[in-house]
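Residue strings, one per chain:
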Amino acid sequence: DKDAYGRSASVETFLHEIAHGVLSKSDDKIQAKLGSGSAGALVEELKADTVNMSLLSRAIAQNEAKIDVESQFLAKLGTLCDYLANKSDNPEDSGGRYFFTGLKIVHELLQSGSIERGESGKYAVHDARKGIEVMGNIGTTILAKYADPNTNPEAITAFANQIIALKDEPMMKDFVAMVRGK
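Residues numbered from 1 in each chain as written. Predicted model: local features only at pLDDT ≥ 70, side-chain atom pairs only at ≥ 80, totals over all residues. Heavy atoms only, no water.

Q: Describe helix α8 (residues 170-179), listing the residues and the values that go with them.
A: Residues Met-172, Phe-175, Val-176 and Val-179 constitute the buried set of α8. Around the axis of α8, the buried residues are gathered within 95 degrees of arc, so they sit on the same side. Where α8 is buried, its residues touch α4 (69-86), α5 (96-112), β1 (115-117) and β2 (123-125). Of the residues flanking the end of α8, it is Gly-181, one or two places downstream, whose phi is positive at about 75 degrees. (Buried < 20%, exposed > 50% of the residue type's maximum accessible area, 1.4 Å probe, protein only. Helix = DSSP H or I, 4+ residues; strand = E, 2+ residues; numbered from the N terminus. Arc of directions from axis to C-beta. Contact = heavy atoms within 4.5 Å.)

Following this line, the structure appears as structure tokens:
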């Protein structure tokens, strides 16, 4: 349903921007943890793209979300595929933070079985509700890093490097090639 997808895309954008304000990088303590480099920018973008799903997942679990879960998941997946198809895969480029955000989230969705590759080679949504929960769990993990008094730019860089390394996994190479039409 085109209208449901449009509403879901609007909710996705709205929640994403709200999530940037949760433990905001404009707070000096948070900025000191993130540092000023590309690793901090990547983790901040990943926070915004997953904390929003944490909020949504909780609302769904409590039957408080007046949304079409499937459409909401597809809107999010569309955003992630756009990141992977159209943003730079160089972590130092400004688009890299989006590419690697998409890479991490899609990796977790594939690992969880929320999206699956069928025998035909095509990918399909298997469990949208679980996918939203998986994304929310990433957000919870990142918020814990932001709140941890021992988090520093080196820890953020190490976390970002783990995400960047996903680019070399065959499963992710195949998915990125698919969304890039190769």
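Q: Let's hear about the side chain of Ser-54: which residues, and what values?
A: Note on placement: Ser-54 falls in helix α3 (residues 38-61). If we ignore the near neighbours within four places in the chain, the residues touching Ser-54 are Gly-136 and Thr-140.

Q: Describe a negative patch on the surface, naming the residues involved and giving the relevant values.
A: A grouping of Asp-1, Asp-3, Asp-68 and Glu-70 is seen on the molecular surface, where their side chains present a negatively charged patch. Within the secondary structure layout, Asp-1 lies in the segment before α1 (2-20). Owing to a relative accessible area of 70%, Asp-1 belongs among the exposed residues under this scheme. (Patch = residues over 30% accessible without salt bridge, like charges linked within 9 Å, V, L, I, M, F, W, Y side chains within 5 Å. Areas by Shrake-Rupley, 256 points an atom, 1.4 Å probe, with all protein chains shown as cover. Salt bridge = Lys/Arg side-chain N within 4 Å of Asp/Glu carboxyl O. Lys, Arg positive; Asp, Glu negative; His and termini not counted. Charge placed at Lys NZ, Arg CZ, Asp CG, Glu CD.)

Q: Account for the pattern of salt bridges, with residues named and values stated.
A: Inspection of the entire model under this criterion finds six salt bridges. The salt bridge involving Arg-97 is made with Glu-45; its shortest N-O contact spans 3.9 Å. You can see Arg-97 sitting in helix α5 and its partner Glu-45 sitting in helix α3, a full 52 residues away along the chain. Overall, Glu-45 belongs to the buried group, its relative accessible area being 5%. Between Asp-174 and Arg-117 there is a salt bridge, with its nearest N and O atoms 3.3 Å apart. Highlighted residues: Asp-174 in helix α8 and Arg-117 in strand β1, separated in sequence by 57 residues. Residue Asp-174 is classed as partly exposed on the basis of its relative accessible area, which comes to 40%.

Q: I'd like to hear about the packing of α5 against α8, residue by residue, with values.
A: Their axes nearest at 10 Å, the elements α5 and α8 cross at an angle of 115 degrees. The two elements α5 and α8 cross, and the hand of that crossing is right-handed. Of α8, the residues touching α5 (which contributes Phe-99, Leu-103, Val-106, His-107, Leu-110 and Gln-111) are Met-171, Met-172, Phe-175 and Val-176. Per-class residue counts for the contact of α5 with α8 are eight nonpolar, two polar and no charged. (Axes fitted to C-alpha atoms, helices over the stretch in contact; angles between N-to-C directions. Left-handed = near helix turned anticlockwise from the far one by under 90°. Nonpolar A, V, L, I, M, F, W, Y, C, P; charged D, E, K, R; others polar.)

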